[in-house]
Amino acid sequence: MNTLVAVAISPCGTGDELSSDVAKVVDVIRKSGLKNRTNSMFTEIEGEWDAVMKTVKDATMILADNGIRTEVVLKADVRPGYKDMMDGKIERLEKKIAKINE
């Protein structure tokens, strides 16, 4: 079933600058082959439930398997019958905003 998640996976207790560890996490997600998009707070991942959850686990374990305490914040949208939710949601929103401003 198609699933869209917004996930933030970050190290805890490793200092003030986290970008090197976060880069490792995002690299795992990008190499998953699933549609994804990263912004300043979260990475969105879209695909079949099992593949998305495997990617979240793999990205988490890139830190945890190296002894780093890892925090995961995840929000999932499981919407039967829908595909391309990552872009479709934004397109529908932009159309609604455009109507407001007509």
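Residues numbered from 1 in each chain as written. Predicted model: local features only at pLDDT ≥ 70, side-chain atom pairs only at ≥ 80, totals over all residues. Heavy atoms only, no water.

Asks: Explain the pairing of strand β2 (residues 35-38) residue by residue, including any values.
Replies: In this sheet, strand β3 (residues 43-48) lies alongside β2 in antiparallel orientation, the contact comprising four bridges. Bridging from a neighbouring strand, Lys-35 pairs with Glu-46 of β3. Connecting β2 to the antiparallel partner β3 that follows it, the hairpin turn spans four residues. (Pairing = 2+ DSSP bridges. Helix = DSSP H or I, 4+ residues; strand = E, 2+ residues; numbered from the N terminus.)

Asks: Any chance you could break down unusual backbone geometry for me, citing the residues and the numbers?
Replies: Positive phi, normally seen in glycine, also occurs at Asp-84, with a value near 50 degrees. Inspection of the secondary structure puts Asp-84 in the loop between β4 (70-78) and α3 (85-100).

Asks: Could you give me a rundown of the packing of aromatic side chains, with the residues and numbers involved?
Replies: Throughout the structure, instances matching the rule amount to zero aromatic pairs. Here the guanidinium or amino end of Arg-79 rests over the ring plane of Tyr-82, the centre of that ring lying 3.7 Å away. (Phe/Tyr/Trp six-rings, centres within 6.5 Å; stacked < 30°, edge-to-face > 60°. Lys NZ or Arg CZ within 6 Å of the ring centre and 35° of its normal.)

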